[in-house]
Amino acid sequence: MYHKHLKFVVILLILVLLAEAAFVGMVHLEDRGIVLFSAGETTPAEAVPVQTLPAVTQPPTEAPTEAATEPSTEPVETLPPDQSFLISFTGDCTLGSTPAKSYASDGFIQTIGEDYGHPFRETVHIFETDDLTLANLESVIGDEGASVGKTFVFRGPAEYTQILTLGSVEAVTLANNHAKDYGSKGYEGTKGHLEEAGISYVEDYSTLIYTTEGGLIVGVCAADGSVNAIKTDKVLDCIAQLQDAGVHIIICAFHWGNEGEYRPTEAQQELAKAAIDAGADIIWGNHPHVLQKIEEYNGGIIYYSLGNFSFGGNSNPRDLDSAVLQQEVILHGDGTVTLGELTIIPISISSASRGNNFQPIPCEEGSEQYERIMSKLDGTFDGSNLTIDYSHLQ
């Protein structure tokens, strides 16, 4: 019995020792930062750090839209303002006489003498205010060459370029039936004298590009149909050349029609409209020695004939009616051009009470001549055509 009791005591002692060892091991694990949890237990709330973030407010859901365009940082292009230009047109300027009239007291040469400002004295104030003045120079300037033997040949001395410069004329057309009255030498001499005087010119079936001081680029093409009909295809080629050159406005100077007729021919009308359809803006006609109507067509304008102006070819003409036309041209900021207002200035080709002193002068507004001129230009004139008689020059 004693041995059984001793065995019990030993067993009990062993169990106590084992329990103490287990308790000491757990304490050591906790000291090393390791926590043991038995099944079914949960970690305390403070065991896991929690960061509280503010709630994110989402915008309401909308249908997809195009991305908003961000403001451009590039400078906004500002177009330059519109510019207004004025181009003046006149009729025939025959600055000279026939050989038979060279020494006649009532002829152009003797009337003018050395007073080169005389022909434009009453109209220069009109031309000084424009940007470009165009005239039809229907005579030879200079003493080069010999007469080609026609019944009527006209020329004046080289100094006559001063008539144009003093009259504020910047450019002339030589596409007419008197520019070569003294052959090729006379023609080349005329061009040389014009160049020396700083006057621009345009030749038959040729072009001129003239840039005004204000920057308007004017293209002019010219054609003479006084002997042979003007060739439309050649005119259209000239217009195309000017378009390719980038001019702002195109003017066609046509020497055409029948002398003394107040109404344009069908051929004149067809050619004018074909030129505008091809890109011309203004048709400027001469040769009939009388006025013909003005017509608007397809965005362009046609001056069929402006008659005579300072006309040395006749000392006593029966028709003294003429006009200066001043066409406004508007150059827009985007580079496009439109025609503005047209100013009509009725003119008498002589300021003398009798005969022709070769000095055009504006008519008095409301006068009989003023009203007659306006009727010729608006197409309502119902008078008979003029039979032009040059027998007194022979």
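In this text, all values refer to a predicted model and were calculated from it rather than measured experimentally. (Residues numbered from 1 in each chain as written. Predicted model: local features only at pLDDT ≥ 70, side-chain atom pairs only at ≥ 80, totals over all residues. Heavy atoms only, no water.)

1. What to know about the overall build of the protein chain
Right, on to step 1. What the protein chain contains, in helices and strands, is 8 helices and 16 strands.
Right, on to step 2. Expressed as a percentage of the 394 residues in the protein chain, the buried residues total 44%.
Right, on to step 3. A sequence separation of at least 24 residues applies to 70% of the contacts in the protein chain between residues at least 6 apart.
Right, on to step 4. With an accessible surface of roughly 21,300 Å², the protein chain has 53% of that area assigned to carbon and sulfur atoms. (Helix = DSSP H or I, 4+ residues; strand = E, 2+ residues; numbered from the N terminus. Buried < 20%, exposed > 50% of the residue type's maximum accessible area, 1.4 Å probe, protein only. Contact = heavy atoms within 4.5 Å. Areas by Shrake-Rupley, 256 points an atom, 1.4 Å probe, with all protein chains shown as cover.)

2. With respect to the sheet that holds strand β8 (residues 217-224)
Right, on to step 1. Sheet architecture is open: 6 strands sit in the order β7-β8-β9-β10-β12-β11, paired in mixed fashion. The sheet is open, and its two edges are formed by β7 (206-211) and β11 (294-297), each paired on a single side. Each strand of the sheet is rotated relative to its neighbour by a mean of 20 degrees, with strand direction disregarded.
Right, on to step 2. Direction of pairing for β8 relative to strand β9 (residues 249-255): parallel, over a ladder of 7 bridges. Counted as the bridge partner of Val220 is Ile251 from β9.
Right, on to step 3. In the packing of helix α6 (residues 232-245) onto the sheet, the strands contacted are β7, β8 and β9, and the crossing angle to β7 comes to about 30 degrees. (Pairing = 2+ DSSP bridges. Axes fitted to C-alpha atoms, helices over the stretch in contact; angles between N-to-C directions.)

3. Looking at the nonpolar core
Right, on to step 1. Ranked by size, the top nonpolar core spans 32 residues in total, and within it Ile87, Phe89, Ile251 and Tyr303 carry the most contacts.
Right, on to step 2. The biggest single contributor to this core is strand β14 (residues 321-331), with 4 residues.
Right, on to step 3. Here Ile251 is in contact with Ile87, Phe89, Leu134, Val218, Gly219, Val220, Cys221, Ile282 and Trp284, once residues within four sequence places are set aside.
Right, on to step 4. Counting 28 residues, the second largest nonpolar core, distinct from the first, contains Ile109, Leu194, Tyr201 and Ile345. (Core = buried A, V, L, I, M, F, W, Y, C linked by side-chain atoms within 4.5 Å.)

4. Here's the deal with the confidence of the model for the protein chain
A low pLDDT score tells you not to read the predicted coordinates there in detail.
Right, on to step 1. Residues of the protein chain with pLDDT of at least 70 account for 80%, and the chain-wide mean is 86.
Right, on to step 2. Note on residues 1-6: pLDDT is under 50 here. Beyond four places in sequence and across chains, it has 0 contacts.
Right, on to step 3. The low-confidence segment residues 21-64, where pLDDT is below 50, has 3 contacts with residues more than four positions distant or belonging to other chains. (pLDDT = per-residue confidence, 0-100.)

5. Comments concerning empty space enclosed by the protein
Any empty space left between atoms is shown by rolling a water-sized probe over those atoms.
Right, on to step 1. Following the criterion strictly, the structure yields 1 cavity of 30 Å³ or more and no others.
Right, on to step 2. Approximately 40 Å³ is the volume found for the largest cavity.
Right, on to step 3. Looking at the lining of the largest cavity, the elements that each hand over two or more residues are β9 and β10 (282-286).
Right, on to step 4. The element contributing the most residues to the lining of the largest cavity is β9, with 3 residues.
Right, on to step 5. Of the residues in the lining of the largest cavity, the class split is 4 nonpolar, 4 polar and no charged. (1 Å grid on protein atoms, 1.4 Å probe; cavity = no way out; pocket = protein on both sides within 12 Å on 5 of 7 lines; lining within 4 Å. Points joined across faces, edges and corners; volume = space filled by probe spheres on them. Nonpolar A, V, L, I, M, F, W, Y, C, P; charged D, E, K, R; others polar.)

6. Notes on the packing of aromatic side chains
Right, on to step 1. This structure, assessed with the given rule, holds 11 aromatic pairs.
Right, on to step 2. With a centroid separation of 5.1 Å and 55 degrees between ring planes, the pair formed by Phe254 and Trp256 is classed as tilted.
Right, on to step 3. Take Phe254: its relative accessible area is 1%, and that puts it in the buried class.
Right, on to step 4. According to the relative accessible area criterion, Trp256 is buried, its value standing at 3%.
Right, on to step 5. Lying over the aromatic face of Tyr182, Arg155 brings its terminal NZ or CZ to 3.8 Å of the ring centre.
Right, on to step 6. Positioned over the ring face of Tyr187 is Lys180, at 4.9 Å from the centre of the ring. (Phe/Tyr/Trp six-rings, centres within 6.5 Å; stacked < 30°, edge-to-face > 60°. Lys NZ or Arg CZ within 6 Å of the ring centre and 35° of its normal.)

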